[in-house]
Amino acid sequence: INAEYMGSINWAIDGNTLAIGTDDCVVQLWDCSREKRVRTMRGHSARVSCLAWNNHMLSSGSRDTSINNHDARIRDHHVQTLSGHTQEVCGLKYSGDGNQLASGGNDNKLCIWDTVGGPVNSTAPRFEITAHSAAVKALGWAPFQSNLLASGGGTQDRTIRFWNSTTGECLNSIDAGSQVCSLLWSRHSRELVTSHGFTDFQLSVWKYPSLVRIADLKGHESRVLYTALSPDGKVVVSAAGDETIRFWKVFDQEPKKLPSKKDEVASSLRGINIR
């Protein structure tokens, strides 16, 4: 890798190309089948903290406060710089249809940018939201509604907020009780899982839109900084500051018929098998 540490990683849609953001200000592209680095893309002046793919477009967020958009197909890859944050960009996520990009920063801001499968349409965000009172690292777009975005705030904020990205309206929010480090939606049900910091360092499973907390999954001994979903959508893997990676069977594979409110909590708890 030729760097002291990696600040971010993200798979391209082809399942073979891995983007790696490093502490020495570059983005590397690796062909994993050949175990070979194929590109080094420069443009930042500080560590690369987060990455997000949108087909052939790769967005990188940095401690230098900027977001760079790279077209991985062409030699002159750097096609755009977005300047909406005043501190480190720590979260980036494209909507499922690729038409919007959400960014979160250590400046407590959430920005929503318009795009149509390529560079962002404007160098100014469509919405610049300041509702959170701490860093916004946790971002997730609902797979069942393209304009529904969830965001989670840091230690001084502790809230999960839900946004209509077409209007910028906050649809709902809930105090999660602790720092929200990451957020994932289920692919098969209207549920989401969040990971947390002090004091319990847990993963929490929520029903949407009722925001009933279905379960707290405990086992980590430090902040649960990252989560990822398995290809079949059933297993969540979590990585924490305690230097462990844990696998949790959280979500059912197949979509269910909508249960009654009485059965919501019980049915979801039966689907959890902690390994």
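K.L.:
I'd love a proper account of the overall build of the protein, names of residues and values included.
P.N.:
Within the protein, the secondary structure is distributed over 1 helix and 24 strands. Computed over the C-alpha atoms, the radius of gyration of the protein is 18 Å, within 12% of the 19 Å expected from 2.2 N^0.38 for a compact globule of 275 residues. Its C-alpha atoms put the protein at 55 × 40 × 35 Å along the principal axes. Put simply, the protein has 275 residues, and 52% of those count as buried. Considering only residue pairs separated by 6 or more positions, the protein has 38% of its internal contacts joining residues 24 or more positions apart. Roughly 12,900 Å² of accessible area belongs to the protein as shown, and the carbon and sulfur atoms make up 48% of that amount. One finds the centroid of the 30 positive side-chain charges in the protein at a distance of 4 Å from the centroid of its 28 negative side-chain charges.

K.L.:
Can you lay out the pairing of strand E23 (residues 245–249) for me, pointing to particular residues and giving the numbers?
P.N.:
Bridge count for strand E22 (residues 235–240) against E23 is 5 bridges, and the pairing is antiparallel. The partner of valine 237 across the bridge, within E23, is phenylalanine 247. Linking E22 back to E23 in an antiparallel pair, the connection comprises 4 residues, with glutamate 243 at a positive phi of about 65°.

K.L.:
Would you mind going over a nonpolar patch on the surface in detail, with residue names and values included?
P.N.:
Taken together, the side chains of Ile1, Met6 and Ile9 define a hydrophobic patch exposed on the protein surface, amounting to about 280 Å² of accessible area. Examined against the element boundaries, isoleucine 1 turns out to sit in the segment before strand E1 (6–11). Residue isoleucine 1 is classed as partly exposed on the basis of its relative accessible area of 35%.

K.L.:
Which residues make up the state of the cysteines, and what values do they have?
P.N.:
Scanning the entire structure with this criterion turns up 0 disulfides. Cysteine cysteine 32 is unpaired, with the sulfur of cysteine 50 as its nearest cysteine sulfur at 20 Å. Take cysteine 32: its relative accessible area is 29%, and that puts it in the partly exposed class. Of the cysteine sulfurs around cysteine 170, a residue in no disulfide, the closest is that of cysteine 111, at 16 Å. Look at cysteine 170 and you get partly exposed, because its relative accessible area is 31%.

K.L.:
Pulling in residues and values, what's your account of the sheet that holds strand E2 (residues 17–22)?
P.N.:
Ordered by their spatial adjacency, 4 strands build an open sheet running E1-E2-E3-E4, and the pairing between neighbours is antiparallel. Looking at the sheet topology across the chains shown, the edges are occupied by E1 and strand E4 (36–41). Averaged over all pairs of adjacent strands, the angle between their axes in this sheet comes to 25°, without regard to strand direction.

Quick notes on the rules
Residues numbered from 1 in each chain as written. Predicted model: local features only at pLDDT ≥ 70, side-chain atom pairs only at ≥ 80, totals over all residues. Heavy atoms only, no water. Helix = DSSP H or I, 4+ residues; strand = E, 2+ residues; numbered from the N terminus. Rg over C-alpha atoms; globule rule 2.2 N^0.38 Å. Buried < 20%, exposed > 50% of the residue type's maximum accessible area, 1.4 Å probe, protein only. Contact = heavy atoms within 4.5 Å. Areas by Shrake-Rupley, 256 points an atom, 1.4 Å probe, with all protein chains shown as cover. Lys, Arg positive; Asp, Glu negative; His and termini not counted. Charge placed at Lys NZ, Arg CZ, Asp CG, Glu CD. Pairing = 2+ DSSP bridges. Patch = residues over 30% accessible without salt bridge, like charges linked within 9 Å, V, L, I, M, F, W, Y side chains within 5 Å. Salt bridge = Lys/Arg side-chain N within 4 Å of Asp/Glu carboxyl O. Disulfide = S-S within 2.5 Å. Axes fitted to C-alpha atoms, helices over the stretch in contact; angles between N-to-C directions.

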